[in-house]
Amino acid sequence: MQRKSNFYAFCLSMCIFLCNFAALLGSQYIVTMSRKVLLIFTGGTISMVRDTETGALHPADMQTFKTYVPELFAGDIHIDMIPFEPLLDSSDLNPDNWREMAQMVEQNYDAYDGFVILHGTDTMAYSASALSFMFDNLCKPVVFTGSQLPVGVLRSDAKENLLTAIEIAAAYDTNGEAIVPEVTVYMDGELYRGNRATKRNAEHFSAFNSYNYPALARAGVHITYNRQLIGHYGNLSRPLNVMTKFDTRVAILKLFPGITEAVVAAVLDIPDLRGVVLETFGSGNAPTHDWLYERLHAAVERGVVIVNKTQCNTGSVSMGQYAVSLNLLKAGVVSGYDITTEALLTKMMHLLGEYPNDIELVKKLLAKSLCGELTI
Ligand code: ASP
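Heads up: these notes are all about the structure in this document. Within any chain, residue numbers begin from 1 and follow the written order of that chain's sequence. Predicted model: local features are reported for residues with pLDDT of at least 70 only, side-chain atom pairs are reported and counted for 80 or more only, and whole-chain, interface and lining totals are derived from all residues. Side-chain metrics rest on all non-hydrogen atoms present in the structure, leaving aside hydrogens and water.

### Points about the overall build of the protein chain
Logical step 1: Comment: elements are numbered from the N terminus, with helices defined as DSSP H or I runs of at least four residues and strands as E runs of at least two. Secondary structure summary: the protein chain contains 10 helices and 20 strands in total.
Logical step 2: Its C-alpha atoms give the protein chain principal-axis dimensions of roughly 95 × 55 × 35 Å.
Logical step 3: A contact between two residues is defined here by any heavy atoms of the two lying within 4.5 Å. In the protein chain, 74% of the contacts between residues at least 6 apart in sequence involve partners at least 24 apart.
Logical step 4: For the protein chain, the accessible surface area stands at approximately 17400 Å², while carbon and sulfur atoms represent 55% of it.
Logical step 5: Counting rule applied: Lys, Arg positive; Asp, Glu negative; His and chain ends not counted. Where a charge lies is defined by one atom per residue type, namely NZ (Lys), CZ (Arg), CG (Asp) and CD (Glu). In the protein chain, the 29 positive side-chain charges and the 39 negative ones have mean positions that sit 6 Å from each other. Here, Shrake-Rupley sampling with a 1.4 Å probe gives the accessible areas, and only protein chains in the shown set may cover a residue.

So, in C-alpha coordinates, the structure goes:
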(Lines give C-alpha, C1' and ligand atoms only; values in the text may rest on other atoms or scores of the structure.)
Protein backbone atom coordinates (compact mmCIF):
# COMPACT_ATOMS: atom_id res chain seq x y z
CA MET A 1 0.00 0.00 0.00
CA GLN A 2 2.78 2.35 1.06
CA ARG A 3 4.77 1.49 -2.14
CA LYS A 4 1.69 2.19 -4.28
CA SER A 5 1.16 5.66 -2.80
CA ASN A 6 4.87 6.43 -3.21
CA PHE A 7 4.51 5.47 -6.84
CA TYR A 8 1.51 7.84 -7.27
CA ALA A 9 3.39 10.65 -5.54
CA PHE A 10 6.34 10.04 -7.87
CA CYS A 11 4.08 10.13 -10.98
CA LEU A 12 2.40 13.31 -9.79
CA SER A 13 5.66 15.15 -9.19
CA MET A 14 6.95 13.97 -12.60
CA CYS A 15 3.79 15.35 -14.24
CA ILE A 16 4.21 18.71 -12.48
CA PHE A 17 7.88 18.79 -13.43
CA LEU A 18 7.15 17.97 -17.09
CA CYS A 19 4.37 20.57 -17.29
CA ASN A 20 6.64 23.25 -15.89
CA PHE A 21 9.45 22.18 -18.17
CA ALA A 22 7.19 22.32 -21.24
CA ALA A 23 5.96 25.74 -20.19
CA LEU A 24 9.53 26.91 -19.70
CA LEU A 25 10.42 25.81 -23.19
CA GLY A 26 7.39 27.61 -24.59
CA SER A 27 7.86 31.32 -25.26
CA GLN A 28 4.65 32.16 -23.35
CA TYR A 29 6.06 31.27 -19.92
CA ILE A 30 5.37 34.36 -17.89
CA VAL A 31 6.17 35.13 -14.29
CA THR A 32 4.23 37.70 -12.28
CA MET A 33 4.96 36.19 -8.84
CA SER A 34 6.59 38.48 -6.26
CA ARG A 35 6.66 41.40 -8.67
CA LYS A 36 6.07 44.95 -7.46
CA VAL A 37 3.73 47.33 -9.28
CA LEU A 38 3.16 51.00 -8.52
CA LEU A 39 -0.31 52.44 -9.20
CA ILE A 40 -0.26 56.13 -10.05
CA PHE A 41 -3.70 57.70 -9.62
CA THR A 42 -4.28 60.78 -11.72
CA GLY A 43 -8.09 60.80 -11.57
CA GLY A 44 -10.84 60.26 -14.16
CA THR A 45 -13.96 58.15 -13.93
CA ILE A 46 -12.07 55.10 -12.69
CA SER A 47 -11.33 56.80 -9.39
CA MET A 48 -14.88 58.02 -8.76
CA VAL A 49 -17.35 56.65 -6.22
CA ARG A 50 -20.95 57.58 -5.60
CA ASP A 51 -21.73 59.45 -2.41
CA THR A 52 -24.30 57.29 -0.63
CA GLU A 53 -26.19 60.34 0.67
CA THR A 54 -26.21 62.72 -2.30
CA GLY A 55 -25.79 60.19 -5.13
CA ALA A 56 -23.15 62.44 -6.73
CA LEU A 57 -19.87 61.09 -8.11
CA HIS A 58 -16.67 62.30 -6.53
CA PRO A 59 -13.03 61.15 -6.55
CA ALA A 60 -12.37 58.34 -4.08
CA ASP A 61 -9.57 58.61 -1.60
CA MET A 62 -7.11 55.75 -1.60
CA GLN A 63 -8.72 53.99 1.36
CA THR A 64 -12.19 54.03 -0.20
CA PHE A 65 -10.76 52.80 -3.50
CA LYS A 66 -9.15 49.85 -1.75
CA THR A 67 -12.50 48.84 -0.26
CA TYR A 68 -14.01 48.68 -3.76
CA VAL A 69 -11.19 46.55 -5.17
CA PRO A 70 -10.03 44.31 -2.31
CA GLU A 71 -8.64 41.90 -4.94
CA LEU A 72 -5.74 44.33 -5.35
CA PHE A 73 -4.17 42.92 -2.25
CA ALA A 74 -5.27 39.31 -2.58
CA GLY A 75 -2.82 38.22 -5.28
CA ASP A 76 0.90 37.62 -5.23
CA ILE A 77 1.80 40.97 -6.85
CA HIS A 78 2.87 43.60 -4.36
CA ILE A 79 0.95 46.86 -4.98
CA ASP A 80 1.65 50.39 -3.77
CA MET A 81 -0.31 53.50 -4.71
CA ILE A 82 0.45 57.18 -5.12
CA PRO A 83 -2.18 59.75 -6.01
CA PHE A 84 -2.17 63.10 -7.78
CA GLU A 85 -3.33 65.76 -5.40
CA PRO A 86 -5.98 66.69 -6.27
CA LEU A 87 -7.22 63.95 -8.60
CA LEU A 88 -8.08 65.45 -11.98
CA ASP A 89 -10.52 64.92 -14.80
CA SER A 90 -8.29 64.18 -17.76
CA SER A 91 -9.68 67.19 -19.65
CA ASP A 92 -7.77 69.32 -17.15
CA LEU A 93 -4.40 67.64 -17.71
CA ASN A 94 -1.56 69.42 -19.50
CA PRO A 95 2.19 68.95 -20.10
CA ASP A 96 2.95 69.80 -16.45
CA ASN A 97 0.89 66.76 -15.48
CA TRP A 98 2.68 64.58 -18.06
CA ARG A 99 5.92 65.63 -16.38
CA GLU A 100 4.50 64.78 -12.98
CA MET A 101 3.48 61.29 -14.17
CA ALA A 102 6.84 60.65 -15.85
CA GLN A 103 8.72 61.85 -12.79
CA MET A 104 6.67 59.59 -10.50
CA VAL A 105 7.77 56.68 -12.70
CA GLU A 106 11.38 57.90 -12.75
CA GLN A 107 11.62 58.38 -8.98
CA ASN A 108 10.28 54.87 -8.36
CA TYR A 109 11.82 53.18 -11.37
CA ASP A 110 14.32 50.98 -9.53
CA ALA A 111 11.91 49.99 -6.77
CA TYR A 112 9.13 48.60 -9.01
CA ASP A 113 8.85 46.13 -11.87
CA GLY A 114 5.99 47.92 -13.58
CA PHE A 115 3.70 50.93 -13.42
CA VAL A 116 -0.05 51.34 -13.92
CA ILE A 117 -1.37 54.85 -14.47
CA LEU A 118 -5.06 55.29 -13.67
CA HIS A 119 -6.29 58.07 -15.89
CA GLY A 120 -9.47 59.50 -17.37
CA THR A 121 -10.13 58.11 -20.81
CA ASP A 122 -10.80 61.46 -22.53
CA THR A 123 -7.17 62.50 -22.97
CA MET A 124 -5.47 59.21 -22.13
CA ALA A 125 -4.15 58.80 -25.68
CA TYR A 126 -2.39 62.20 -25.42
CA SER A 127 -0.78 61.39 -22.07
CA ALA A 128 0.28 57.90 -23.19
CA SER A 129 1.78 59.34 -26.39
CA ALA A 130 3.57 62.12 -24.50
CA LEU A 131 5.10 59.69 -22.00
CA SER A 132 6.22 57.36 -24.79
CA PHE A 133 8.33 60.21 -26.22
CA MET A 134 9.57 61.42 -22.82
CA PHE A 135 11.07 58.08 -21.77
CA ASP A 136 14.44 57.30 -23.23
CA ASN A 137 15.56 53.79 -22.49
CA LEU A 138 12.38 52.46 -20.94
CA CYS A 139 12.74 48.76 -20.06
CA LYS A 140 9.71 48.35 -17.78
CA PRO A 141 5.96 48.35 -18.51
CA VAL A 142 3.98 51.56 -18.08
CA VAL A 143 0.30 50.70 -18.59
CA PHE A 144 -2.42 53.35 -18.75
CA THR A 145 -5.94 52.28 -17.89
CA GLY A 146 -9.27 53.85 -16.96
CA SER A 147 -12.92 52.99 -17.10
CA GLN A 148 -16.19 54.13 -18.59
CA LEU A 149 -18.12 53.55 -15.36
CA PRO A 150 -16.85 54.65 -11.94
CA VAL A 151 -15.28 52.03 -9.70
CA GLY A 152 -18.13 52.43 -7.21
CA VAL A 153 -20.84 51.39 -9.69
CA LEU A 154 -22.01 47.78 -9.80
CA ARG A 155 -21.52 47.21 -13.57
CA SER A 156 -18.24 49.08 -13.65
CA ASP A 157 -15.49 48.03 -16.03
CA ALA A 158 -12.94 49.49 -13.62
CA LYS A 159 -12.05 46.32 -11.76
CA GLU A 160 -11.29 44.17 -14.80
CA ASN A 161 -9.32 46.94 -16.49
CA LEU A 162 -7.27 47.62 -13.40
CA LEU A 163 -6.53 44.02 -12.44
CA THR A 164 -5.51 43.05 -15.98
CA ALA A 165 -3.38 46.19 -16.37
CA ILE A 166 -1.58 45.20 -13.16
CA GLU A 167 -0.99 41.69 -14.45
CA ILE A 168 0.48 43.07 -17.69
CA ALA A 169 2.68 45.49 -15.74
CA ALA A 170 3.99 42.57 -13.68
CA ALA A 171 4.51 40.15 -16.59
CA TYR A 172 8.15 39.16 -16.96
CA ASP A 173 9.88 36.44 -18.90
CA THR A 174 11.85 33.77 -17.13
CA ASN A 175 15.00 35.56 -18.31
CA GLY A 176 13.98 38.55 -16.16
CA GLU A 177 12.90 40.85 -18.99
CA ALA A 178 9.53 42.61 -19.06
CA ILE A 179 7.13 41.20 -21.64
CA VAL A 180 5.84 44.67 -22.66
CA PRO A 181 8.53 47.27 -21.90
CA GLU A 182 6.52 50.03 -23.56
CA VAL A 183 4.01 52.75 -22.68
CA THR A 184 0.65 51.12 -23.41
CA VAL A 185 -3.10 51.61 -23.03
CA TYR A 186 -5.21 48.73 -21.70
CA MET A 187 -9.00 48.75 -21.92
CA ASP A 188 -11.70 46.12 -22.35
CA GLY A 189 -9.51 43.17 -23.24
CA GLU A 190 -7.10 44.92 -25.61
CA LEU A 191 -3.61 46.24 -25.00
CA TYR A 192 -2.46 48.94 -27.44
CA ARG A 193 0.80 50.78 -27.93
CA GLY A 194 0.12 54.11 -26.18
CA ASN A 195 1.15 56.31 -29.09
CA ARG A 196 -1.11 54.33 -31.47
CA ALA A 197 -4.25 54.51 -29.34
CA THR A 198 -7.22 56.80 -29.97
CA LYS A 199 -10.38 57.21 -27.96
CA ARG A 200 -13.11 56.12 -30.34
CA ASN A 201 -16.20 55.71 -28.21
CA ALA A 202 -17.66 57.87 -25.46
CA GLU A 203 -20.01 55.15 -24.18
CA HIS A 204 -18.85 51.62 -24.87
CA PHE A 205 -16.47 49.79 -22.58
CA SER A 206 -14.29 49.30 -25.62
CA ALA A 207 -13.35 52.99 -25.62
CA PHE A 208 -10.09 52.81 -27.59
CA ASN A 209 -8.80 51.56 -30.86
CA SER A 210 -5.43 51.37 -32.54
CA TYR A 211 -6.34 51.80 -36.19
CA ASN A 212 -2.92 51.50 -37.74
CA TYR A 213 -1.19 48.97 -35.50
CA PRO A 214 -2.55 45.68 -34.14
CA ALA A 215 -3.15 45.06 -30.43
CA LEU A 216 -0.02 44.09 -28.50
CA ALA A 217 -2.04 41.69 -26.35
CA ARG A 218 -5.56 40.40 -25.89
CA ALA A 219 -6.99 39.43 -22.54
CA GLY A 220 -9.63 36.74 -22.30
CA VAL A 221 -9.29 33.66 -20.14
CA HIS A 222 -5.55 34.07 -20.77
CA ILE A 223 -3.55 37.12 -21.74
CA THR A 224 -2.11 36.42 -25.18
CA TYR A 225 0.86 38.59 -26.09
CA ASN A 226 1.71 39.29 -29.75
CA ARG A 227 5.40 39.17 -29.08
CA GLN A 228 6.58 40.08 -32.57
CA LEU A 229 4.61 43.38 -32.34
CA ILE A 230 5.97 44.51 -28.99
CA GLY A 231 8.71 47.14 -29.09
CA HIS A 232 11.92 46.85 -27.08
CA TYR A 233 13.25 50.40 -27.32
CA GLY A 234 15.32 50.44 -24.15
CA ASN A 235 18.70 49.00 -23.31
CA LEU A 236 18.97 47.29 -19.92
CA SER A 237 22.56 48.38 -19.50
CA ARG A 238 21.65 52.09 -19.62
CA PRO A 239 19.57 54.02 -17.06
CA LEU A 240 16.13 55.50 -17.74
CA ASN A 241 16.30 59.08 -18.93
CA VAL A 242 13.24 61.33 -18.86
CA MET A 243 13.00 64.27 -21.25
CA THR A 244 10.65 66.84 -19.79
CA LYS A 245 10.57 69.78 -22.20
CA PHE A 246 7.47 70.65 -24.23
CA ASP A 247 6.72 73.61 -26.45
CA THR A 248 2.96 74.25 -26.45
CA ARG A 249 3.04 76.86 -29.22
CA VAL A 250 1.38 74.44 -31.62
CA ALA A 251 -2.03 74.24 -33.32
CA ILE A 252 -4.29 71.83 -35.18
CA LEU A 253 -5.72 73.10 -38.46
CA LYS A 254 -8.45 70.90 -39.84
CA LEU A 255 -9.28 71.45 -43.51
CA PHE A 256 -12.89 71.23 -44.72
CA PRO A 257 -14.61 71.83 -48.05
CA GLY A 258 -15.23 75.58 -48.32
CA ILE A 259 -12.53 76.59 -45.79
CA THR A 260 -11.70 80.26 -46.25
CA GLU A 261 -8.39 82.07 -46.33
CA ALA A 262 -9.41 83.97 -43.18
CA VAL A 263 -9.63 80.72 -41.18
CA VAL A 264 -6.27 79.45 -42.41
CA ALA A 265 -4.66 82.86 -41.82
CA ALA A 266 -6.10 83.07 -38.29
CA VAL A 267 -4.19 79.91 -37.39
CA LEU A 268 -0.99 80.34 -39.37
CA ASP A 269 -0.57 83.98 -38.28
CA ILE A 270 -0.64 83.18 -34.54
CA PRO A 271 2.36 85.06 -33.14
CA ASP A 272 5.22 82.74 -32.10
CA LEU A 273 3.56 79.69 -33.66
CA ARG A 274 6.11 76.82 -33.86
CA GLY A 275 4.20 73.82 -35.20
CA VAL A 276 0.96 72.89 -36.97
CA VAL A 277 -0.81 69.56 -37.37
CA LEU A 278 -2.52 69.99 -40.74
CA GLU A 279 -5.47 67.60 -40.93
CA THR A 280 -6.00 66.83 -44.60
CA PHE A 281 -8.30 64.69 -46.74
CA GLY A 282 -7.73 61.05 -47.72
CA SER A 283 -4.12 60.24 -48.43
CA GLY A 284 -3.00 63.76 -47.48
CA ASN A 285 -4.85 65.96 -49.96
CA ALA A 286 -5.88 69.61 -49.79
CA PRO A 287 -7.71 72.20 -51.94
CA THR A 288 -5.47 73.60 -54.68
CA HIS A 289 -6.16 77.31 -54.00
CA ASP A 290 -3.10 79.47 -54.59
CA TRP A 291 -3.73 81.30 -51.32
CA LEU A 292 -3.50 78.04 -49.37
CA TYR A 293 -0.15 77.18 -50.92
CA GLU A 294 1.16 80.71 -50.36
CA ARG A 295 0.04 80.84 -46.72
CA LEU A 296 1.55 77.43 -45.94
CA HIS A 297 4.77 78.23 -47.78
CA ALA A 298 5.15 81.57 -45.98
CA ALA A 299 4.63 79.89 -42.59
CA VAL A 300 7.24 77.20 -43.40
CA GLU A 301 9.66 79.95 -44.49
CA ARG A 302 9.12 81.65 -41.10
CA GLY A 303 10.26 78.42 -39.40
CA VAL A 304 6.85 76.89 -38.56
CA VAL A 305 6.89 73.09 -38.79
CA ILE A 306 3.77 71.85 -40.60
CA VAL A 307 2.97 68.14 -40.65
CA ASN A 308 0.37 66.50 -42.87
CA LYS A 309 -1.99 64.18 -40.96
CA THR A 310 -4.88 62.51 -42.74
CA GLN A 311 -8.37 62.94 -41.30
CA CYS A 312 -8.94 59.21 -41.95
CA ASN A 313 -8.43 56.96 -38.93
CA THR A 314 -6.86 54.19 -40.96
CA GLY A 315 -4.16 54.47 -43.61
CA SER A 316 -1.28 56.76 -44.35
CA VAL A 317 -0.45 60.11 -45.90
CA SER A 318 1.16 59.74 -49.29
CA MET A 319 1.98 63.20 -50.61
CA GLY A 320 2.36 63.34 -54.36
CA GLN A 321 0.03 60.41 -55.03
CA TYR A 322 -2.66 62.88 -56.21
CA ALA A 323 -2.09 66.25 -57.88
CA VAL A 324 -4.05 67.83 -54.98
CA SER A 325 -1.22 67.13 -52.55
CA LEU A 326 1.64 68.39 -54.73
CA ASN A 327 1.25 71.95 -53.41
CA LEU A 328 1.75 70.73 -49.87
CA LEU A 329 5.00 69.06 -50.85
CA LYS A 330 6.08 72.22 -52.67
CA ALA A 331 5.22 74.36 -49.63
CA GLY A 332 7.54 72.26 -47.42
CA VAL A 333 4.88 70.37 -45.46
CA VAL A 334 6.25 67.20 -43.80
CA SER A 335 4.44 63.83 -44.05
CA GLY A 336 2.98 62.40 -40.84
CA TYR A 337 2.49 58.98 -42.48
CA ASP A 338 -0.02 56.94 -40.40
CA ILE A 339 0.48 58.65 -37.03
CA THR A 340 -2.50 59.59 -34.81
CA THR A 341 -3.29 63.24 -34.11
CA GLU A 342 -2.63 62.65 -30.41
CA ALA A 343 0.82 61.19 -31.08
CA LEU A 344 1.71 63.83 -33.67
CA LEU A 345 0.72 66.76 -31.49
CA THR A 346 2.62 65.50 -28.44
CA LYS A 347 5.64 64.45 -30.52
CA MET A 348 5.75 67.92 -32.04
CA MET A 349 5.54 69.61 -28.61
CA HIS A 350 8.27 67.28 -27.32
CA LEU A 351 10.68 67.75 -30.24
CA LEU A 352 10.16 71.54 -30.40
CA GLY A 353 10.79 71.64 -26.64
CA GLU A 354 13.91 69.49 -26.76
CA TYR A 355 15.51 70.95 -29.92
CA PRO A 356 14.23 74.54 -30.07
CA ASN A 357 17.07 75.76 -32.26
CA ASP A 358 17.23 72.94 -34.76
CA ILE A 359 14.11 72.95 -36.92
CA GLU A 360 15.71 70.69 -39.52
CA LEU A 361 16.34 68.03 -36.86
CA VAL A 362 12.76 68.40 -35.59
CA LYS A 363 11.44 67.82 -39.14
CA LYS A 364 13.74 64.85 -39.64
CA LEU A 365 12.61 63.22 -36.38
CA LEU A 366 8.94 63.94 -37.12
CA ALA A 367 9.25 61.87 -40.28
CA LYS A 368 10.86 58.96 -38.37
CA SER A 369 9.50 56.40 -35.94
CA LEU A 370 10.99 57.09 -32.50
CA CYS A 371 9.09 54.45 -30.54
CA GLY A 372 6.71 52.76 -32.93
CA GLU A 373 4.35 55.70 -33.46
CA LEU A 374 4.36 55.55 -37.26
CA THR A 375 5.00 53.20 -40.14
CA ILE A 376 6.97 54.43 -43.14
N1 ASP B 1 -14.09 62.86 -18.14
C2 ASP B 1 -13.44 61.65 -17.71
C3 ASP B 1 -11.94 61.87 -17.83
O4 ASP B 1 -11.39 61.76 -18.88
C5 ASP B 1 -13.91 60.51 -18.51
C6 ASP B 1 -13.26 59.17 -18.18
O7 ASP B 1 -12.54 59.01 -17.23
O8 ASP B 1 -13.51 58.23 -18.91
O9 ASP B 1 -11.32 62.18 -16.84
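### A word on the site of the ligand
Logical step 1: Proximity is defined per residue: if any heavy atom of the residue lies within 4 Å of a molecule or strand, that residue is considered near it. Around the ligand, the surrounding shell consists of Gly-44, Thr-45, Asp-89, Ser-90, Gly-120, Thr-121, Asp-122, Ser-147 and Gln-148.
Logical step 2: What qualifies as a polar contact is a pair of N or O atoms within 3.5 Å, subject to a donor-acceptor requirement within protein and to the restriction that residues adjacent in sequence count only when both atoms come from side chains. Between the ligand and Thr-45 there is a distance of 2.9 Å, counted from an oxygen atom to a backbone nitrogen or oxygen.
Logical step 3: A distance of 3.4 Å separates an oxygen atom of the ligand from a polar backbone atom of Ser-147.
Logical step 4: Taking 270 Å² as the accessible area of the ligand by itself, protein coverage stands at 88%.
Logical step 5: Amino acids are sorted into nonpolar (Ala, Val, Leu, Ile, Met, Phe, Trp, Tyr, Cys and Pro), charged (Asp, Glu, Lys and Arg) and polar (every other residue, Gly among them). Looking at the shell around the ligand residue by residue, the classes come out as no nonpolar, 7 polar and 2 charged.

### With respect to the packing of helix H9 (residues 341-354) against helix H10 (residues 359-366)
The packing of two helices is summarised by the inter-axis angle and the distance between the axes.
Logical step 1: At a minimum axis separation of 10 Å, H9 and H10 run at an interaxial angle of 150°. Relative to H10, H9 is oriented roughly antiparallel. For H9 against H10, the interelement crossing comes out right-handed. Taken together, the residues of H10 that come into contact with H9 (itself represented by Leu-344, Lys-347, Met-348, Leu-351 and Leu-352) are Ile-359, Val-362, Leu-365 and Leu-366.
Logical step 2: Within the contact of H9 with H10, the residues separate by chemical class into 8 nonpolar, no polar and 1 charged. A fitted line through C-alpha atoms serves as each axis, taken over the contacting stretch for helices, and the angle formed by two N-to-C directions is quoted from 0 to 180°. Orientation labels follow simple angle bins: below 35 degrees gives roughly parallel, above 145 gives roughly antiparallel, 65 to 115 gives roughly perpendicular, and whatever is left gives oblique. Helix crossings are classified by the rotation of the near helix relative to the far one: an anticlockwise turn of less than a right angle makes the crossing left-handed, while a clockwise turn makes it right-handed.

### What to know about helix H4 (residues 124-134)
Logical step 1: Exposure is judged per residue with a 1.4 Å probe applied to protein chains only, and the accessible area is read against the type maximum: over 50% gives exposed, under 20% gives buried, and values in between give partly exposed. With 10 of its 11 residues buried, H4 lies for the most part within the structure.
Logical step 2: Among the residues of H4, those classed as buried are Met-124, Ala-125, Ser-127, Ala-128, Ser-129, Ala-130, Leu-131, Ser-132, Phe-133 and Met-134.

### Things to note about the pattern of salt bridges
Logical step 1: The salt bridge criterion pairs a side-chain nitrogen of Lys or Arg with a carboxyl oxygen of Asp or Glu, the two atoms within 4 Å. Evaluated as defined, the whole model comprises 14 salt bridges.
Logical step 2: Asp-96 is the partner of Arg-99 in a salt bridge, and the nearest nitrogen-oxygen pair spans 2.5 Å. Placement of the pair is Arg-99 and Asp-96 together in helix H3 (residues 95-107), with a separation of 3 residues, close to one helical turn.
Logical step 3: A relative accessible area of 22% means that Arg-99 is categorised as partly exposed.

### Examining the packing of aromatic side chains
Logical step 1: For Phe, Tyr and Trp, rings pair up if their centres lie within 6.5 Å, where Trp contributes its six-membered ring, and each pair is then called stacked (planes under 30 degrees apart), edge-to-face (over 60) or tilted (otherwise). As enumerated under the stated definition, the model contains 4 aromatic pairs in all.
Logical step 2: Seen in terms of ring centroids, Phe-41 and Phe-65 are 4.7 Å apart; in terms of plane orientation they differ by 90°. Their pairing is edge-to-face. On the criterion of sequence distance, the pair formed by Phe-41 in strand E2 (residues 36-41) and Phe-65 in helix H2 (residues 62-68) is long-range, its members being 24 residues apart. Phe-65 shares its class with Phe-41; the two are buried.
Logical step 3: Seen in terms of ring centroids, Trp-98 and Phe-246 are 5.3 Å apart; in terms of plane orientation they differ by 70°. Their pairing is edge-to-face. Of this pair, Trp-98 sits in helix H3 while Phe-246 sits in the loop between strand E16 (241-242) and strand E17 (250-254), and the two are 148 residues apart along the sequence.
Logical step 4: Joined through ring pairs, the aromatic side chains of Tyr-109, Tyr-112 and Phe-115 make up one cluster.
Logical step 5: Between the NZ or CZ atom of Lys-330 and the centre of the ring of Tyr-293, over which it lies, the distance is 4.9 Å. Charge over a ring is defined by NZ of Lys or CZ of Arg lying within 6 Å of the ring centre and within 35 degrees of the ring normal.

### Some remarks on the sheet that holds E17
Logical step 1: Spatial strand order, E17-E18-E19-E20: 4 strands in an open sheet with parallel pairing. Looking along the sheet, the strands with just one partner apiece sit at the ends: E17 and strand E20 (334-335).
Logical step 2: A pair of strands is treated as paired once DSSP finds two or more bridges between them. Taken together, the 2 bridges between strand E19 (residues 305-310) and E20 define a ladder with parallel strand orientation. Bridge pairing in E20 places Val-307 opposite Val-334.
Logical step 3: Relative to the sheet, H9 contacts E17, strand E18 (275-280) and E19, its axis offset from that of E18 by approximately 160°.

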